[in-house]
Amino acid sequence: MLAYNFNWDVIWRQWPTIIEALLLGIGLAVASLAIGCIIGILCAFGRVSRHKWLDWAIWSYVEFIRNTPLLLLIFFVYFGLPQMGIRAFDKIESFILTLSLYAGAYMCEVFRAGLASIPNQYVEAAKAIGLRPWQRQLYVVLPVMFRITLPSISNTLISLFKDTSLAAAIAVPELTFTARQINANTFRVMEAWLTASALYLATSYAIAWVLRLVERRYSVIR
Amino acid sequence: MQNHMKPNATSAATGAMPLLRAVDVHKSYDRLEVLKGISMDVEQGEVLALIGASGSGKTTFLRCINLLEEFQQGEIDLDGEPIGYRMTGGRRRKIPEAALSAQRARIGMVFQSFNLFPHMTAEQNVMLGLTKVRGKPAAEARDIARHWLERVGLAERRGHYPFQLSGGQQQRVAIARAVAMEPRLVLFDEVTSALDPELVAEVLGVMQDLARSGMTMIVVSHEMLFVREVASRVVFMDGGHVVAQGPPQELFRDPESERLRSFLGRFHGVFS
Ligand SMILES: Nc1ncnc2c1ncn2[C@@H]1O[C@H](COP(=O)(O)OP(=O)(O)OP(=O)(O)O)[C@@H](O)[C@H]1O
Ligand SMILES: [Mg+2]
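Only a predicted model underlies this, so the values are computations on that prediction, with no experimental measurement involved.

Definitions and limits used
- Residues numbered from 1 in each chain as written.
- Chains lettered and ligands numbered in written order.
- Predicted model: local features only at pLDDT ≥ 70, side-chain atom pairs only at ≥ 80, totals over all residues.
- Heavy atoms only, no water.
- UniProt positions renumbered as here; feature names shortened; annotations may be inferred.
- Helix = DSSP H or I, 4+ residues; strand = E, 2+ residues; numbered from the N terminus.
- Salt bridge = Lys/Arg side-chain N within 4 Å of Asp/Glu carboxyl O.
- Buried < 20%, exposed > 50% of the residue type's maximum accessible area, 1.4 Å probe, protein only.
- Pairing = 2+ DSSP bridges.
- Contact = heavy atoms within 4.5 Å.
- Axes fitted to C-alpha atoms, helices over the stretch in contact; angles between N-to-C directions.
- Near = heavy atom within 4 Å.
- Polar contact = N/O pair within 3.5 Å; in protein donor to acceptor, adjacent residues only side chain to side chain.
- Areas by Shrake-Rupley, 256 points an atom, 1.4 Å probe, with all protein chains shown as cover.
- Buried area = accessible area lost by both parts, 1.4 Å probe.
- Core = buried A, V, L, I, M, F, W, Y, C linked by side-chain atoms within 4.5 Å.

**Student:** Can you walk me through the UniProt feature "domain: ABC transmembrane type-1" (unreviewed entry) in chain A in this structure?
**Tutor:** UniProt tags residues 18-211 of chain A as "domain: ABC transmembrane type-1" (unreviewed entry). Structurally, residues 18-211 of chain A comprises 84% helix and 0% strand, and the distance from its first C-alpha atom to its last is 24 Å.

**Student:** Where do I start with the pattern of salt bridges in this structure?
**Tutor:** If charged atoms from side chains of opposite charge come close, those side chains can pair. This structure, assessed with the given rule, holds 23 salt bridges over all chains. As a salt-bridge pair, Glu-191 of chain A and Arg-188 of chain A come within 3.1 Å of each other at their nearest N and O atoms. Taken as a pair, Glu-191 of chain A and Arg-188 of chain A share a single burial class, namely buried. Asp-79 of chain B is the salt-bridge partner of Arg-106 of chain B, the closest N and O atoms lying 3.5 Å from each other. Here the residue Arg-106 of chain B occupies a position in the loop between α3 (97-104) and β8 (107-110), and Asp-79 of chain B occupies one in the loop between β4 (73-78) and β5 (81-82), the gap between them amounting to 27 residues. For Asp-79 of chain B, a relative accessible area of 25% gives the class partly exposed. One network of salt bridges, in which partners are shared, links Arg-47, Asp-55, Glu-109 and Arg-112 of chain A.

**Student:** For this particular structure, what's the right way to read the sheet that holds β4 of chain B?
**Tutor:** Each strand in a sheet pairs with another by means of backbone hydrogen bonds, the pair being arranged parallel or else antiparallel. Residues and elements named next belong to chain B. Taken together, four strands build an open sheet; the order of strands is β2-β1-β4-β5 and the sheet is antiparallel. Only two strands of the sheet have a single partner each, and these edge strands are β2 (32-42) and β5. In terms of strand pairing, strand β1 (residues 20-29) meets β4 through five bridges, oriented antiparallel. Among the inter-strand pairings, Leu-20 is bridged to a residue of β4, identified as Leu-78. Of the strands in this sheet, β1, β2 and β4 are in contact with helix α2 (residues 58-65), which crosses β2 at around 65°.

**Student:** Would you explain the UniProt feature "transmembrane region" (unreviewed entry) in chain A in this entry?
**Tutor:** Per the UniProt entry, the sites bearing "transmembrane region" (unreviewed entry) are residues 22-46, 58-79, 99-118, 138-158 and 192-214 of chain A in this numbering. Helix makes up 100% of residues 138-158 of chain A and strand 0%, with an end-to-end C-alpha separation of 27 Å.

**Student:** Where do I start with the site of ligand 1 in this structure?
**Tutor:** Residue and element names in this part refer to chain B. Neighbouring residues of ligand 1: Tyr-29, Val-34, Ala-53, Ser-54, Gly-55, Ser-56, Gly-57, Lys-58, Thr-59, Thr-60, Glu-190 and His-222. Side-chain polar atom of Tyr-29 to a nitrogen atom of ligand 1: 3.4 Å apart, as the coordinates give it. Gly-55 places a main-chain nitrogen or oxygen 2.8 Å from an oxygen atom of ligand 1. Protein contact buries 59% of the 640 Å² of open area that ligand 1 shows by itself. With three residues, α2 is the largest single contributor of residues to the shell around ligand 1.

**Student:** Quick question: what am I supposed to make of the interface of chain B and chain A here?
**Tutor:** Note: interface size is frequently given as the accessible area lost on complex formation between the parts. Contact with chain B, which involves 26 residues of that partner, is made by 23 residues of chain A. Between chain B and chain A lies a buried interface of about 2200 Å² when both sides are counted; carbon and sulfur atoms form 66% of it. Interface area lost by chain B to chain A is led by Pro-118, His-119 and Phe-163 of chain B, which between them contribute 26%. Between chain B and chain A we count two salt bridges in total. The salt bridge involving Arg-63 of chain B is made with Glu-124 of chain A; its shortest N-O contact spans 2.6 Å. Every element with two or more residues in the side of chain B that touches chain A is listed here: α3, β8 and α4 (122-132) of chain B.

**Student:** Sorry if this is basic, but what is going on with the sheet that holds strand β10 (residues 217-220) of chain B here?
**Tutor:** All names here are of chain B. With mixed pairing, the six strands of this open sheet are ordered in space as β8-β9-β10-β3-β11-β12. The two strands at the open ends of the sheet, each matched to only one other strand, are β8 and β12 (241-246). Sheet twist, expressed as the average angle between the axes of neighbouring strands with direction ignored, equals 20°. With four bridges connecting them, β8 and strand β9 (residues 185-189) associate as parallel partners. Bridge pairing in β9 links Ile-107 to Leu-185. On top of the sheet, helix α6 (residues 167-179) reaches β8 and β9; it is set at about 175° to β8, its chief contact. The strands touched by helix α7 (residues 197-212) are β3 (47-52), β9 and β10; relative to β10, the strand with the most contacts, the crossing angle is about 150°.

**Student:** When you look at the side chain of Thr-216 of chain B in this model, what are you seeing that I'm missing?
**Tutor:** As for its position among the elements, Thr-216 of chain B is in the loop between α7 and β10. In this structure, Thr-216 of chain B is in contact with Leu-19, Val-42, Glu-43, Gln-44, Gly-45, Glu-46, Arg-184, Leu-185 and Val-186 of chain B, ignoring residues within four places of it in sequence.

**Student:** Would you explain the nonpolar core in this entry?
**Tutor:** What tends to happen in soluble globular proteins is that the nonpolar side chains get buried as a cluster. With 98 residues, the main nonpolar core has Leu-20, Leu-50, Ile-65 and Ile-218 of chain B as its most contacted residues. No other element matches helix α5 (residues 91-117) of chain A, which puts eleven residues into this core. Excluding anything up to four places from it in sequence, Ile-218 of chain B contacts Leu-20, Val-42, Leu-48, Leu-50, Leu-62, Ile-65, Leu-185, Val-186, Leu-187 and Phe-188 of chain B. The next biggest cluster of nonpolar side chains, apart from the first, holds 41 residues, and it includes Met-127, Leu-154, Ala-180 and Val-219 of chain B.

Structural data, given as structure tokens:
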């Protein structure tokens, strides 16, 4: 027999707080993905442009981010920047900044591969009707790249959502932090962690399902 | 054998300016010289067929006209205006990208592999240049696109994406996309050679229709029946040179050039 008596009352009582925490986590992930995509696109174009120093600078950024534990980056931005005199961010902004830089590094590689996989014929067709360079990027290259990379963008969003649990380390009141607080206040260990886990799981599946619909809508490239 | 260093005599005789004039165009890929001094005039309304063996430089020449390739020597003029390059301070310089784009917009191109924008419907493919390059309002661009899609026989397919269309249908959309821009000249590079045999006729039919309507066209093709029927003049290229040219009946009936004779020999049946 399990020597543990479940008591879900505390969870029901805290339900609004829990849902708020969940939504905060989703918001953090979506915001970071959006900013990360912008960083990633700029970096991907930077890398394919033939500026050697720019290529090197972006490569360094990507390698640094990808080889540093995320938690360490979070601490660095949250505790380190104020030490250096940069006190512009509260803990949520600081976390979004970190996660955006983290997402940007990964999206840079995703978009770079996407750009490389676009057949040159499309660009030539765009040239042939007289589109200017930036128009070719805007109306042909980017939309095609977006469709090619959509599955990777979906996967990144789901993993960013799970990474938001690390925000608990700097007391951002997202799901993990909230679960830990319930745990600390009520000693309902199993209820708190099981609820949090179930919500992470359900949300990840929901995001995947929504994005699958989006992918189907945009999968016009065979 | 004709002198291929001099533009052909027709325009010189009439004194009128040809629509397109190429003079002594040389093009190399690294050290491989692919065009070795191509000169030709294309008159308004003319359908010029470019024929020649594989590797003779036909595609390369078309790509030079549309500035998809750089060329190192010679000049190509469209309506008397040099294309792609300008002499400044005695040096030959490539013109800026924005000006290149404006020049390309005056020349249509249809590719062997269709190259439709995969994320756009047939109608959107035709509209893109009209709105973004020609600056037409969307409603007008849509009307023009529908007009041309109907003209190539695809009125009901305008909402289809490229992957939902057959090769022949895609190629007809690509033709509509090129001609809707009202270019001065349309270049066709073996536009039927990627198609299944039963789809070739529908595309050639559209091209014949355009030719009759007075469109100026340069057509690279191995469809000799089509060339004989539709071309007003045939230019035979070999090894990066223009070796012979003339109206198809004359050129095909008794080819002076030995190279042309052997090239045409591969298409026996067509000329008997
Ligand atoms: N991008 C390139 N780099 C190097 N060489 C090239 C390139 N494109 C073409 N060539 C060479 O230039 C020559 C002319 O090629 P081109 O494609 O113009 O011939 P073509 O007359 O169109 O032949 P085909 O009938 O096979 O299409 C060939 O020897 C080819 O190998
Ligand atoms: Mg070719």
